[in-house]
Amino acid sequence: MAKLFQRPKSMFDVSTHYCPGCTHGVIHRLVAETIDALDIRGRTVGIAPVGCAVMAYNYIDCDFQEAAHGRAPAMATGIKRVRPDLMVFTYQGDGDLASIGMGEIVHAANRGEKFTTIFVNNAIYGMTGGQMAPTTMPNQRTTTSPFGRKTEEVGMPIRMAELLATLRTPGYITRQTVIKPKHIQKAKKAIERAFVYQMENRCFSFVEVISTCPTNWGMTPKDAVQWAEDVLLPYYPLGDKKTPDREVTEKLVAAAGAA
Amino acid sequence: MSKVLMKGNEAIAEAAIRAGCLNYFAYPITPQSEVAEYLSWRMAEVNGVFLQGESEVAVSYMIFGAAGAGVRVFTTSSSPGISLMSEGISYLCGAQLPAVFVNIMRGGPGLGGILPSQADYNQATRGVGHGDCRLLVMAPASVQEAAEMVMMAFPLAEKYRNPVMLLGDGLIGQMMEPVEFPDHLKSEPSNKDSWATNGIDHRNGTTRNLVRSLFLDPEALNNNNLILRAKYERMKAEEVRFEAYNTDGDYQVLIVSYGTMSRVCKTAINALKGQGIEVGLIRPQTLFPFPDVAIREAAAKPSCRTVLSIEMSMGQMVDDVERCLHGIRPVEWYGKCGGEVPTPEEIIDLVKASV
Ligand SMILES: Cc1ncc(C[n+]2csc(CCOP(=O)(O)OP(=O)(O)O)c2C)c(N)n1
Ligand code: SF4
């Protein structure tokens, strides 16, 4: 009997260091499944961020470079420009991408660099112990906003997908989540599509994934899912913000799924 | 190829292509922008890569990504730009990646000026970035030498899997001189398959390569730093380069000077010869590793009474000169750092005052 559920080939057989209820592991898995589905492990280079996923290369089995905080899009640009035949993806947190690395991601997207960014938005700095991020919600308490995020002092949370979608350069920009099983298949399709756009050398592709950080939100995994659904999703609406050519993509994704 | 008349910056650009480096990322800054302007069309001609990044910070990571993918890659900048690249340079050292950085120095600190200077000596030779990192630093004194050093820099960077810096003052970049280029070299690091993220299929492998600088385990980090230290020690043993000028006979004064400044010193030395005063010169061509032994031996000559470190900075190399002399001779510094180059007359007066 065929196995219906097994470890992706591009994933090492190890357990991750992520906290219980953290969705970094699920997102890793979707990336690895995509690498398997498109059969691109032998020509893929991942770029690990600074943040909780700094050791993503311990879980996803392909060539990897480890970035400095926020600089992954510049590194991906360097690789992709000199080796356009490689499949390159960055995997970045919200502190990494929306704060220190804002310049790098905006310019890479605007140049239409042909790589894929997986942007994990958990509305907080996870690795360094729960400080405020540019994506932290109004009144959300963090270790550096102990009285709650004051928007009159630090502005509203940045919606990266919408911000990048204002760029005139063609791109695929979408927001997904993996907090509940019903979201996961959609997120997987989006990640696959993002990689296919790269494979076809069509455009920059960006998949924002709303994630959880029960540890630094100070919640149980169950409450964290609820909070993400009640508070994050209304402000960070799911769905595609921009696609270069939906019809063609649909066909490619279907073909990859069939193979 | 016969000799052509070229600006230093353009010669550096052309030399990189001849060295087989077909990948260039940069951000404009005076006095080196001509490198980017030249390569913006020349790279297209040779099917190479030219990209103007959005900042020096981004450029240093474009360099990292490309170097990590196993190709020859370089950038050029000037002082404030190099400060911004310093983060990336430290990461390149930590991850042991080869790349070439050219710093056509201007005065500082801060925005400083746009005229020639040698004020980034300490920054270049003491590591540039954070952590225990070091660069191999070469200092040309002519357009021809700048071209030759660029051609040497790539194989050296690959030999040590470490960034190499060409430290030129603004005059080297701006002046025009005849230059002759050797033929093209090959274009990729020879040993790259063992470490580069160039695609598992590309190297017919099964296991992946990993480029990183994070070592959370203290023993692993210490070991990585010991590996780096061993490389720096090997550079000290194998890569010291210098020129000795007028050091055969007896001299009362020894000058240590590099780059454009050393050429002015030579003019002064020739003039002083006519007046019966002999002065020797050691011109470091590598600033790290520093020619300690050559300077100590030249200063130890019985006739030599004093050593002058003459620099277009407020006294930086002088610390290295003092360090390698172990106190056997008094050392004096002379320099300027507003963009004016000290004149031969100033140096003649200085020498006369010290004999
Ligand atoms: C230049 C620099 N500044 C700061 C840090 C410290 N730092 C490490 S991880 C991190 C925050 C990461 O948060 P995020 O990107 O949201 O990822 P998460 O940990 O939540 O997955 C910071 C500030 C660093 N490593 N480098
Ligand atoms: S700190 Fe937060 S983001 Fe990091 S692993 Fe734990 S739950 Fe996940």
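That block above? That's the structure.
Since the structure is predicted, the reported quantities are computational estimates derived from the model, not experimental observations. (Residues numbered from 1 in each chain as written. Chains lettered and ligands numbered in written order. Predicted model: local features only at pLDDT ≥ 70, side-chain atom pairs only at ≥ 80, totals over all residues. Heavy atoms only, no water.)

### Comments concerning the overall build of chain A
1) Next: Helix and strand counts for chain A come out as 10 helices and 7 strands.
2) Next: The C-alpha atoms of chain A give 17 Å as radius of gyration, which agrees with the globular expectation for 259 residues (18 Å, within 12%).
3) Next: Taking the principal axes of the C-alpha coordinates as reference, chain A spans close to 50 × 45 × 30 Å.
4) Next: Sorting the 259 residues of chain A into buried and exposed places 56% on the buried side.
5) Next: Long-range contacts, defined here as pairs at least 24 residues apart, represent 69% of the contacts in chain A between residues at least 6 apart.
6) Next: On chain A, roughly 10,300 Å² of surface is accessible, and the fraction owed to carbon and sulfur atoms is 56%.
7) Next: Mean positive and mean negative side-chain charge positions of chain A (30 and 25 charges, respectively) differ by 3 Å. (Helix = DSSP H or I, 4+ residues; strand = E, 2+ residues; numbered from the N terminus. Rg over C-alpha atoms; globule rule 2.2 N^0.38 Å. Buried < 20%, exposed > 50% of the residue type's maximum accessible area, 1.4 Å probe, protein only. Contact = heavy atoms within 4.5 Å. Areas by Shrake-Rupley, 256 points an atom, 1.4 Å probe, with all protein chains shown as cover. Lys, Arg positive; Asp, Glu negative; His and termini not counted. Charge placed at Lys NZ, Arg CZ, Asp CG, Glu CD.)

### Quick notes on the sheet that holds strand S1 (residues 44-48) of chain A
1) Next: Across the sheet, which stays open at both edges, the 8 strands sit in the order S7(A)-S5(A)-S6(A)-S4(A)-S3(A)-S1(A)-S2(A)-S9(B) with mixed pairing between neighbours. At either margin of the open sheet sits one strand with a lone partner, and together these are strand S7 (239-242) of chain A together with strand S9 (210-211) of chain B.
2) Next: As paired strands, strand S4 (residues 116-121) of chain A and strand S6 (residues 204-210) of chain A are joined by 6 bridges and run parallel to one another. By the bridge assignment, Ile118 of chain A is partnered in S6 of chain A with Val207 of chain A.
3) Next: Packing against the sheet, helix H3 (residues 56-68) of chain B makes contact with strand S2 (63-66) of chain A together with S9 of chain B, and its axis sits at approximately 150 degrees to S2 of chain A. (Pairing = 2+ DSSP bridges. Axes fitted to C-alpha atoms, helices over the stretch in contact; angles between N-to-C directions.)

### A word on the site of ligand 1
1) Next: Taken together, the neighbourhood of ligand 1 is formed by 17 residues, with Cys52, Gly95, Asp96, Gly126 and Met127 of chain A sitting nearest.
2) Next: In this structure ligand 1 sits where residues from chains A and B come together.
3) Next: His24 of chain A is positioned such that a nitrogen or oxygen atom in its side chain is 3.0 Å from an oxygen atom of ligand 1.
4) Next: Calculation on ligand 1 without its partners gives an accessible area of 600 Å², and the protein chains cover 77% of this total.
5) Next: By residue number, the principal contributor to the shell around ligand 1 is helix H3 (residues 94-100) of chain A, which donates 4 residues.
6) Next: Its residues placed into classes, the shell around ligand 1 shows 6 nonpolar, 8 polar and 3 charged. (Near = heavy atom within 4 Å. Polar contact = N/O pair within 3.5 Å; in protein donor to acceptor, adjacent residues only side chain to side chain. Nonpolar A, V, L, I, M, F, W, Y, C, P; charged D, E, K, R; others polar.)

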